[in-house]
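Each chain is listed here by its residues.
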Amino acid sequence: MLFDDDQDDIRSDKGDLFDEESNARPKPKEEKKPKYKEDDPAYWEEEESDWEHLKPASRAPFWLWVIAALVVIGLIIGCWIRYFSPYVEDATQYGYVENIEKRGSIFKTYEGTLIPYRELMDTTRIYSRDFIFSVEDNKTAATLKEALYNAKPVRVGYKKYHATLPWRGANKIVVTSADTVSPDKILPPEFAPRKQ
């Protein structure tokens, strides 16, 4: 038969199924010593291992600080680009001031509208939009008011930001400089006023 006791005895005598080491009983495992924390008095009574000082310290808190610092730096750079760094600088626009007024509940800023001369003189396209802006300082606002009252064309220098800030004005376009210009310099020759 397949599972005959006599055959099993014969095979075990030959020693071809198992070697002697595998038949030996496993050694009992040594019990692990409990690890005490520093606030436990037994911690200070333990013998220190000769190799304990060679164990690497945990790097998790270090990497958490590095990641947190990178996130903070990324937020600062993002806020700087969004609110304080203009994406258009030293730009110029010519036109006529339609209105300028001081507005705001807490932060009073000058807000105005300029009709660009290109929009006035272009007969092929439909009028698209006014140039709506905030003014950086009082001197520039006074120059724009004077041009409004005298119906003179102006040249304004401006910056364009991604977002507005309450103390900078209600618009993304901030006018930094303004001066009046002669109409014959900004208008095409066929539309320039004729001197009499």
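Before going into details, it helps to say that this report is about the structure given with it. Note that the structure is predicted; figures quoted are calculated from it, not measured. (Residues numbered from 1 in each chain as written. Predicted model: local features only at pLDDT ≥ 70, side-chain atom pairs only at ≥ 80, totals over all residues. Heavy atoms only, no water.)

**Here we look at a nonpolar patch on the surface**
Argument step 1. The grouping of Ile-73, Ile-77, Trp-80, Ile-81, Tyr-83, Phe-84, Ile-106, Phe-107 and Trp-167 at the surface amounts to a nonpolar patch, some 980 Å² of accessible area in total.
Argument step 2. Here Trp-80 is to be found in helix H4 (residues 60-84).
Argument step 3. We classify Trp-80 as exposed; its relative accessible area is 52%. (Patch = residues over 30% accessible without salt bridge, like charges linked within 9 Å, V, L, I, M, F, W, Y side chains within 5 Å. Areas by Shrake-Rupley, 256 points an atom, 1.4 Å probe, with all protein chains shown as cover. Salt bridge = Lys/Arg side-chain N within 4 Å of Asp/Glu carboxyl O. Helix = DSSP H or I, 4+ residues; strand = E, 2+ residues; numbered from the N terminus. Buried < 20%, exposed > 50% of the residue type's maximum accessible area, 1.4 Å probe, protein only.)

**Observations concerning helix H6 (residues 138-150)**
Argument step 1. Under the 1.5 Å per step criterion, the end-to-end length of H6 is 18 Å for 13 residues, consistent within 8% with the ideal 18 Å.
Argument step 2. Looking at H6, one finds that the buried residues are Thr-140, Ala-141, Leu-144 and Ala-147. The buried residues of H6 occupy an angular sector of 120 degrees when the element is viewed end-on, so they sit on one face. Turned more than 90 degrees away from the buried face of H6 sit Asn-138, Lys-139 and Tyr-149, all of them exposed.
Argument step 3. Buried residues along H6 sit against strand S1 (88-103), strand S2 (109-116), strand S3 (131-135), strand S4 (153-160) and strand S5 (173-180).
Argument step 4. Where H6 terminates, the next one or two residues include Ala-151, which has phi positive at roughly 55 degrees. (Expected span 1.5 Å × (residues − 1). Arc of directions from axis to C-beta. Contact = heavy atoms within 4.5 Å.)

**Re unusual backbone geometry**
Argument step 1. For Asp-90, which is not a glycine, the phi torsion comes out positive at approximately 55 degrees.
Argument step 2. Taking relative accessible area as the criterion, Asp-90 reaches 75% and is therefore assigned exposed.
Argument step 3. Although it is not a glycine, Ala-151 sits at a positive phi angle of roughly 55 degrees.
Argument step 4. Assignment of secondary structure puts Ala-151 in the loop between H6 and S4.

**Here's the deal with the nonpolar core**
Argument step 1. Counting 17 residues, the largest nonpolar core has Phe-131, Phe-133, Leu-144 and Val-156 as its most contacted members.
Argument step 2. For this core, the secondary structure elements donating two or more residues are S1, S2, S3, H6, S4 and S5.
Argument step 3. Filtering out sequence-adjacent residues up to four positions away, Phe-133 remains in contact with Ile-100, Tyr-110, Glu-111, Gly-112, Thr-113, Leu-114, Leu-144, Asn-171, Ile-173 and Val-175. (Core = buried A, V, L, I, M, F, W, Y, C linked by side-chain atoms within 4.5 Å.)

**A word on the pairing of S1**
Argument step 1. In this sheet, S4 lies alongside S1 in antiparallel orientation, the contact comprising seven bridges. Directly across from Ala-91, in S4, lies its bridge partner Tyr-158.
Argument step 2. Pairing of S1 with S2, which is carried by eight bridges, proceeds in the antiparallel orientation. Each residue of the ladder has a partner; that of Lys-102, found in S2, is Tyr-110.
Argument step 3. Hairpin geometry of S1 and S2 is characterised by an intervening segment of five residues between the two adjacent antiparallel strands and by a positive phi of about 130 degrees at Gly-104. (Pairing = 2+ DSSP bridges.)

**Re the sheet that holds S3**
Argument step 1. A barrel is described by the order of its strands in space; here five strands give the closed sequence S1-S2-S3-S5-S4, paired in mixed fashion. On average, adjacent strands in this sheet sit at an angle of 55 degrees to one another, irrespective of strand direction.
Argument step 2. Where S4 meets S5, seven bridges bridge the pair, whose relative direction is antiparallel. For Val-154, the partnering residue across the bridge sits in S5 and is Thr-180. (Axes fitted to C-alpha atoms, helices over the stretch in contact; angles between N-to-C directions.)

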